[in-house]
Amino acid sequence: MADLTPKQREVWDCFIKEQPKILLASGAKRAGKTFVFILLFLMHIAKYEKQGLSFIIGGSTQASIRRNILNDMEEILGKELKLDKTNAINVFGNKVYCFDGTNADAWKKARGFTAAGALLNEGTALHDMFVKEVISRCSYPGARVLIDTNPENPAHFVKTDYIDKDGQRLANGKLNIKAFHFTLFDNIYLDEEYVESIIASTPTGMFTDRDIYGLLWVAAEGVVYKDFNKDKHYISAKDLESVKMVRYFAGVDWGYEHHGSIVVLGEDDQGGFFVVEEHAAQHEEIDYWVEVAKDIKRRYGNINFYCDTARPEHVIRFRRERIRALNADKKVLAGIEEVARLFKSSKLKVVSDNVDRFKKEIYQYVWNEKTGEPVKQWDDVLDSIRYAIYTHTKPQRRKTR
Ligand SMILES: Nc1ncnc2c1ncn2[C@@H]1O[C@H](COP(=O)(O)OP(=O)(O)OP(=O)(O)O)[C@@H](O)[C@H]1O
Ligand SMILES: [Mg+2]
């Protein structure tokens, strides 16, 4: 049998050393999540050899349990696994019951059970009640629960009830929940050509981020800058050298507990914009930002700084320091529309070598589906970009639209 991948090894070590009650593997497809869980589950059952205990395998349907779990399990054990009348298999002298857990009442099948462990496949395909029932059925001393899953929308119970509680400990200090994140690249045993073809055939943007990087847990509707595509919109500092820039300007978002941020944008002779610098920091006073702005002014000249108007005293301070600070137009929806439009037409690019926080925010800046406003999180660098773009292009917009 092949060795574990480094990521699988990490999961393995955690299972043995930290012994979390509930262990999750979430992330990309074909990443090796189920494979390592099958091994761990078998090892776990082997610990109770010939004790006639009950274990649970949960999947969306019996067919998917066969496809995703039992086939690999047969290969590992080197023997055929046949379900009996009760949909159970015999493993190391114990009974492993296979439950399809999609329906609201699927949990009833697990009722009245005492199990010494469970392996739940594709957690997001299972019903909330079923997962909770299975966990509460795993009451035998030393029982463990393994859940693998692909990412889904961020409100999904697998995320809110388990993954978000990664690291949770019980009163006695024992680790209760541990979650691991997988990307496609974690499976070093996949054929290179196969990986390449998956990447090539996966739609860019959200699909790639979920299926290849296993990222996000963000609803398709959720991301604000949906058209942002890292393959299209990032440019290297090297490639930027050949861009003919006609002017520069900056955006400023004040922040202390949240990140404060100053971005520098360039405009080229084709009407394209480039985020050429990002400065983002937490817990910095105004003196710090004055220094950042002065340094920018030293390098780019006396450019406009479009500033968040929430802290007029900071704007005044900038002016006193001879920084050309202007009040930004902070219209949220119109500003987002403008920035999103530029992404859509690929007229806004970001110098990947010079940004850091942007790379996180762009995927985590989401709509609040209830209010229709963006959630005020992961917005610090994006806000400064929005202030700069929207205010800077306003005279232009008045002329052309
Ligand atoms: N350590 C390993 N050695 C050999 N083969 C492996 C190893 N890990 C995974 N594989 C194989 O790689 C393939 C993908 O692994 P696995 O099914 O565990 O991925 P997954 O993350 O569960 O994917 P999905 O989200 O699509 O269910 C499988 O064919 C599996 O047998
Ligand atoms: Mg799997």
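As the structure is a prediction and not an experimental result, all values here were calculated from the model.

## Regarding the overall build of the protein
Okay, step 1: Helices and strands together make up the secondary structure of the protein, namely 16 helices and 14 strands.
Okay, step 2: Along the longest, intermediate and shortest principal axes, the C-alpha atoms of the protein span 80 × 50 × 35 Å.
Okay, step 3: For the protein, buried positions account for 51% of its 401 residues.
Okay, step 4: The long-range share in the protein, meaning contacts at least 24 apart out of those at least 6 apart in sequence, stands at 68%.
Okay, step 5: A total accessible area of about 19300 Å² is found for the protein, and carbon and sulfur atoms account for 49% of it.
Okay, step 6: Charged side chains in the protein number 60 positive and 58 negative. The centres of these two groups are separated by 3 Å.

## Overview of the packing of helix 14 (residues 357-364) against helix 15 (residues 380-392)
Okay, step 1: Between helix 14 and helix 15, whose axes approach to 8 Å, the crossing angle comes to 90 degrees. The pairing of helix 14 with helix 15 is recorded here as roughly perpendicular in orientation. Listed contacts from helix 15 to R357, F358, E361 and I362 of helix 14 are D380, V381, L382 and I385.
Okay, step 2: A class-by-class count of the residues in the contact of helix 14 with helix 15 yields five nonpolar, no polar and three charged.

## What about the site of ligand 1?
Okay, step 1: Every one of the 16 residues lining ligand 1 counts as a neighbour, but Q8, R30, K33, T34 and F35 are closest to it.
Okay, step 2: R30 has a polar backbone atom sitting 2.8 Å from an oxygen atom of ligand 1.
Okay, step 3: Taking 630 Å² as the accessible area of ligand 1 by itself, protein coverage stands at 81%.
Okay, step 4: Per element, the largest residue contribution to the shell around ligand 1 is three residues, and it comes from helix 2 (residues 33-47).
Okay, step 5: Residue classes in the shell around ligand 1 are distributed as six nonpolar, five polar and five charged.

## Focus on the pairing of strand 14 (residues 348-351)
Okay, step 1: Looking at chain direction, strand 8 (residues 234-235) and strand 14 are connected through two bridges and run parallel. When the bridges of strand 14 are listed, Y234 appears paired with V350.
Okay, step 2: Across three bridges, the pairing between strand 11 (residues 273-281) and strand 14 is parallel. For V275, the partnering residue across the bridge sits in strand 14 and is V350.

## Side note on the sheet that holds strand 10 (residues 260-268)
Okay, step 1: Taken together, seven strands build an open sheet; the order of strands is 8-14-11-10-9-12-13 and the sheet is mixed. In this open sheet, the two edge strands, each paired with only one partner strand, are strand 8 and strand 13 (325-327).

## Some words on the packing of helix 11 (residues 286-300) against helix 12 (residues 312-320)
Okay, step 1: With their axes 11 Å apart at the nearest point, helix 11 and helix 12 run at an angle of 45 degrees to one another. Taken together, helix 11 and helix 12 sit at an angle that is classed as oblique. For the pair helix 11 and helix 12, the crossing hand works out as right-handed. Residues I286, D287, W289, V290 and A293 of helix 11 touch helix 12, and the partners they reach there are H314, R317 and F318.
Okay, step 2: Along the lines of polarity and charge, the residues of the contact of helix 11 with helix 12 split into five nonpolar, one polar and two charged.

## What about a negative patch on the surface?
Okay, step 1: Side chains of D191, E192, E193 and E196 sit close together on the surface and give a patch of like negative charge.
Okay, step 2: With respect to the helices, strands and loops of the structure, E192 is situated in helix 7 (residues 192-201).
Okay, step 3: When its relative accessible area of 69% is taken as the criterion, E192 is described as exposed.

## Focus: helix 12
Okay, step 1: Among the residues making up helix 12, those that are buried are H314, V315, R317 and F318. Burial along helix 12 is one-sided: seen end-on, the buried residues are contained in an arc of 160 degrees.
Okay, step 2: In this fold, the buried residues of helix 12 make contact with strand 9 (245-253), strand 10, helix 11, strand 12 (304-307) and strand 13.
Okay, step 3: Positive phi shows up at R322, right after helix 12, with a value of about 65 degrees.

## Quick look at the nonpolar core
Okay, step 1: With 40 residues, the main nonpolar core has L23, F37, L40, F41, I57, L70 and M73 as its most contacted residues.
Okay, step 2: In terms of residue count, helix 2 provides more of this core than any other element does, eight residues in total.
Okay, step 3: If sequence neighbours within four positions are ignored, I57 has contacts with F41, I65, I69, L70, M73, V96, Y97, C98, F99 and L119.

## A short note on the pattern of salt bridges
Okay, step 1: One pass over the structure, following the stated rule, counts 24 salt bridges.
Okay, step 2: A salt bridge links E321 to K294; its shortest N-O distance comes to 3.0 Å. In this pair, E321 sits in the loop between helix 12 and strand 13 while K294 sits in helix 11, placing the two residues 27 residues apart along the sequence.
Okay, step 3: On the basis of relative accessible area, E321 is assigned to the partly exposed category, the value being 22%.
Okay, step 4: Here the salt bridges share partners, and the residues they tie into one network are E277, D295, R298 and R299.

## Re the packing of aromatic side chains
Okay, step 1: Scanning all chains against the criterion turns up 21 aromatic pairs.
Okay, step 2: Put simply, the rings of Y225, F228, Y234, F343, F358, Y363 and Y365 pair up and form one aromatic cluster.
Okay, step 3: Cation over ring: R144 sits above F15, and NZ or CZ is 3.8 Å from the ring centre.
Okay, step 4: The residue whose ring lies beneath K359 is Y234, and the NZ or CZ to ring-centre distance is 5.9 Å.

Cut-offs and rules
Residues numbered from 1 in each chain as written. Chains lettered and ligands numbered in written order. Predicted model: local features only at pLDDT ≥ 70, side-chain atom pairs only at ≥ 80, totals over all residues. Heavy atoms only, no water. Helix = DSSP H or I, 4+ residues; strand = E, 2+ residues; numbered from the N terminus. Buried < 20%, exposed > 50% of the residue type's maximum accessible area, 1.4 Å probe, protein only. Contact = heavy atoms within 4.5 Å. Areas by Shrake-Rupley, 256 points an atom, 1.4 Å probe, with all protein chains shown as cover. Lys, Arg positive; Asp, Glu negative; His and termini not counted. Charge placed at Lys NZ, Arg CZ, Asp CG, Glu CD. Axes fitted to C-alpha atoms, helices over the stretch in contact; angles between N-to-C directions. Parallel < 35°, antiparallel > 145°, perpendicular 65-115°, else oblique. Nonpolar A, V, L, I, M, F, W, Y, C, P; charged D, E, K, R; others polar. Near = heavy atom within 4 Å. Polar contact = N/O pair within 3.5 Å; in protein donor to acceptor, adjacent residues only side chain to side chain. Pairing = 2+ DSSP bridges. Left-handed = near helix turned anticlockwise from the far one by under 90°. Patch = residues over 30% accessible without salt bridge, like charges linked within 9 Å, V, L, I, M, F, W, Y side chains within 5 Å. Salt bridge = Lys/Arg side-chain N within 4 Å of Asp/Glu carboxyl O. Arc of directions from axis to C-beta. Core = buried A, V, L, I, M, F, W, Y, C linked by side-chain atoms within 4.5 Å. Phe/Tyr/Trp six-rings, centres within 6.5 Å; stacked < 30°, edge-to-face > 60°. Lys NZ or Arg CZ within 6 Å of the ring centre and 35° of its normal.

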